[in-house]
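A look at the structure
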Amino acid sequence: MLADLHFLVVDDFSGMRAVIGNLLKDLGYGKVTEAADGREALARLNHNDAVPPINFIITDLNMPQMDGLELLKTVRATREFRKMPVLIVTAEGKRENILSVAQAGADGYIVKPFTSATLKEKIDKIVQKRSVAA
C-alpha cells in the first residue's frame with residue numbers, strides 16, 4: 001500500500017518541498033514529485049504518466065501564481081482528480097483558514113512546523129478514511 005502512494009508535494013519554497021519529500025521517503029512512502037505552485041501542480045497532474053501515477057497531494061496554502069486553496073478547489077472540480085486526497089500544510093493556524101480548506105474538501109490540515117510522526121498520522125488517517133469509503 002505505501003509503495004502505491006505517489007505524492008505531489010506543492011510548495012513555493014524548495015527547501016520545504018525537500019523536507020516533506022525526505023520525511024515521506026524516510027517514512028517508507030512511495031514516490032514523490034514536486035511542484036512550486038498550484039499551476040505547476042495542475043500541469044503535473046494533467047501529464048501524469050508516472051508509475052505509479054500521482055494519487056495524493058500535499059500542498060502549502062500560501063503560494064504565488066495559484067495558492068493551495070485554489071488548487072484544492074480546482075482538483076475537487078475536476079472529474080479525474082476530485083477523489084484524490086489533499087493534505088494542506090501551512091504556517092497559518094487561523095480558524096478561518098482551517099474552515100475554508102475543510103469546506104473546499106481538504107482531507108486534512110497540518111500547521112508548520114510539524115514532525116514526521118504528525119505527517120504519518122495525518123496520511124494514515126486519510127488513507128484509512130478513504131479506503132473505508134471506497
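Residues numbered from 1 in each chain as written. Predicted model: local features only at pLDDT ≥ 70, side-chain atom pairs only at ≥ 80, totals over all residues. Heavy atoms only, no water.

**Some thoughts on the UniProt feature "modified residue: 4-aspartylphosphate" (unreviewed entry) in the protein**
UniProt records the feature "modified residue: 4-aspartylphosphate" (unreviewed entry) at Asp-60, using the numbering of this structure. If we skip the residues at most four places from it in the chain, Asp-60 touches Val-10, Asp-11, Asp-12, Gly-68, Val-89, Thr-90 and Lys-112. (UniProt positions renumbered as here; feature names shortened; annotations may be inferred. Contact = heavy atoms within 4.5 Å.)

**Quick word on helix α2 (residues 38-46)**
Taken together, the buried positions of α2 are Gly-38, Ala-41, Leu-42 and Leu-45. Buried residues of α2, seen end-on, are gathered within an arc of 95° and therefore sit on one face of the element. The elements touched by buried residues of α2 are β1 (6-10), β2 (31-35), β3 (56-60) and α3 (68-77). Its side-chain oxygen placed 3.0 Å from the backbone nitrogen of Arg-39, Asp-37 serves as the N-cap of α2. (Buried < 20%, exposed > 50% of the residue type's maximum accessible area, 1.4 Å probe, protein only. Helix = DSSP H or I, 4+ residues; strand = E, 2+ residues; numbered from the N terminus. Arc of directions from axis to C-beta. Polar contact = N/O pair within 3.5 Å; in protein donor to acceptor, adjacent residues only side chain to side chain.)

**A short note on the pairing of β1**
Burial analysis of β1 places 5 of its 5 residues in the buried class, the great majority of the element. With burial as the criterion, each face of β1 is covered, one bearing His-6, Leu-8 and Val-10 and the other bearing Phe-7 and Val-9. One ladder, built from 5 bridges, connects β1 with β2; its direction is parallel. Bridged to Val-10 within β2 is Ala-35. The handedness of the β1 to β2 crossover, carried by helix α1 (residues 14-26), is right-handed. (Pairing = 2+ DSSP bridges. Right-handed = clockwise from strand over helix to strand, strands pointing away.)

**Here we look at the environment of Ile-126**
If you trace the backbone, Ile-126 turns up in helix α5 (residues 116-133). According to the relative accessible area criterion, Ile-126 is buried, its value standing at 3%. In this structure the C-alpha to C-alpha distance between Ile-126 and Val-86, which are 40 residues apart in sequence, comes to 8.9 Å. With residues near it in sequence (within four places) discarded, Ile-126 still touches Phe-56, Pro-85, Leu-87, Asp-107 and Gly-108.

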